[in-house]
Each structure stands twice: as structure tokens, then as C-alpha cells.
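Geometric and topological summary
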Amino acid sequence: MNKWYRLGKKYSNFFEGLREVNEFLRKNGMNFESYSFDDFSEENYDFLCKYIDVYPEVENYEYDRAGRRYMFEWGFLAIPKYNQRKAKMQFAKSGGTARGNAITNRVTIPTSWVKSLGITEEDRNVIIKLIDNKIVIEKGK
């Protein structure tokens, strides 16, 4: 991989998610719209290296049409910790035959995770466990 990819991987240790790193880039004059072909420059690379205190690499490669930005984002997202997401728990009053002030709790799970577990609309049984204060979801049998 190239230096932009490696720099993106290093940035993943400093920022929680792509939205957060994009906000940082915007605040520092690297305001790129996702649909544009704007790209980082070598000056941006030097600034980004200094910000996280890494030594800049030298590379002789000509990038085309947002190639630097693409490689940076690809590297940023390559770290396995991005198999975690922030989510908000939903609380709703239970309906039907629920008693009193019963509440139903829900949290949305990314579709890619559901697919990777092999859970489908036809085969949707799961096993939910509470282990050491962590909720674990496995495909049911």
C-alpha cells in the first residue's frame, strides 16, 4: 500500500470515525465534498503527518482524481476497530398485552453485520447473551 493508505491507518488511532476525521479536515481547510474530485496535496500530507507526529514518507507516484483522499479513507477504514459503532438505544412503550409501564428496548444493527452473521429474513433466529456487561448476539440454531 502507499503512504496515504498508511497515514489513514495511523489516523484511525486518533479519531473515532470517518465523520470525526472529516470534520477535522474541514476545520483545517481540507473541505472535500464526497461527490467532488478534490484531492489532498503534498502540503496537506506534511500537515497531517506533523499533526499526529509521524515522519513523512517519500513516494514517487502520480495520483489521479482524488486518489490520495481515496487511499487515506481506505486506510482509515481498514482497521478492525471499525467493527464498532455508536448507537442510541430506543425506548418505547410496549403494546398489546404488556402490563403497566412495560418498555421495549431496541438498537439498530448495521445490515453488513447481520449479513456477515448469515442472518436473513427467512432465518432470523439469534441468541442474545449478557457476558461481563457486554451484549453478545450470535446466529441462532
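Residues numbered from 1 in each chain as written. Predicted model: local features only at pLDDT ≥ 70, side-chain atom pairs only at ≥ 80, totals over all residues. Heavy atoms only, no water.

1. Topic: a nonpolar patch on the surface
- A cluster of nonpolar side chains, contributed by M89, F91, I103, V107, I109, L117, V126, I128, L130, I135 and I137, occupies part of the molecular surface with about 1,100 Å² of accessible area.
- For the nonpolar patch, the secondary-structure elements that each account for two or more residues are β3 (126-131) and β4 (134-139).
- In terms of residue count, β3 provides more of the nonpolar patch than any other element does, three residues in total.
- Its location among the elements puts F91 in strand β1 (residues 90-93).
- Note on F91: relative accessible area 59%, which makes it exposed. (Patch = residues over 30% accessible without salt bridge, like charges linked within 9 Å, V, L, I, M, F, W, Y side chains within 5 Å. Areas by Shrake-Rupley, 256 points an atom, 1.4 Å probe, with all protein chains shown as cover. Salt bridge = Lys/Arg side-chain N within 4 Å of Asp/Glu carboxyl O. Helix = DSSP H or I, 4+ residues; strand = E, 2+ residues; numbered from the N terminus. Buried < 20%, exposed > 50% of the residue type's maximum accessible area, 1.4 Å probe, protein only.)

2. As for the layout of surface pockets
- In this structure, the largest pocket occupies an estimated 910 Å³ of space.
- As for the largest pocket, its lining consists of 24 residues, of which V107, T108, I109, W113 and I137 are closest to the centre.
- Residue assignment for the lining of the largest pocket shows that the elements contributing at least two residues are β2 (103-106), α5 (111-116), β3 and β4.
- For the lining of the largest pocket, the residue count by class is 14 nonpolar, five polar and five charged. (1 Å grid on protein atoms, 1.4 Å probe; cavity = no way out; pocket = protein on both sides within 12 Å on 5 of 7 lines; lining within 4 Å. Points joined across faces, edges and corners; volume = space filled by probe spheres on them. Nonpolar A, V, L, I, M, F, W, Y, C, P; charged D, E, K, R; others polar.)

3. Observations regarding helix α4 (residues 67-77)
- The complete set of buried residues in α4 reads G67, R68, R69, M71, F72, G75 and F76.
- Those residues of α4 that are buried are in contact with α1 (3-11), α2 (18-27) and α3 (42-51). (Contact = heavy atoms within 4.5 Å.)

4. Some details on the packing of aromatic side chains
- Applying the stated criterion across every chain yields a total of 12 aromatic pairs.
- Measuring from ring centre to ring centre gives 6.2 Å for Y11 and F24, while their planes differ by 40°; the resulting arrangement is tilted. Taken together, the residues Y11 in helix α1 and F24 in helix α2 connect sequence positions 13 residues apart. By the burial criterion, Y11 is buried, and F24 matches it.
- Here F24 and F47 contribute two aromatic rings whose centre-to-centre distance is 6.4 Å and whose plane-to-plane angle is 15°, an arrangement assigned as stacked. Placement of F24 in helix α2 and of F47 in helix α3 is noted, with a sequence separation of 23 residues between them.
- A relative accessible area of 33% places F47 in the partly exposed class.
- The aromatic ring of Y45 is capped on one face by K3, whose charged end is 4.2 Å from the ring centroid. (Phe/Tyr/Trp six-rings, centres within 6.5 Å; stacked < 30°, edge-to-face > 60°. Lys NZ or Arg CZ within 6 Å of the ring centre and 35° of its normal.)

5. Description of the environment of I52
- Mapped onto the fold, I52 is located in the loop between α3 and α4.
- Take I52: its relative accessible area is 7%, and that puts it in the buried class.
- Sequence spacing of I52 and N13 is 39 residues, and the spatial spacing of their C-alpha atoms is 9.7 Å.
- If near-sequence neighbours (up to four positions away) are discounted, I52 is found in contact with L7, K10, Y11 and F14.

6. Things to note about the pairing of β4
- Bridge count between β3 and β4: six bridges; the pairing is antiparallel. Pairing of K129 across the sheet is with V136, part of β4.
- Here β3 hands over to β4 after two residues, with D132 in that stretch at a positive phi of 50°. (Pairing = 2+ DSSP bridges.)

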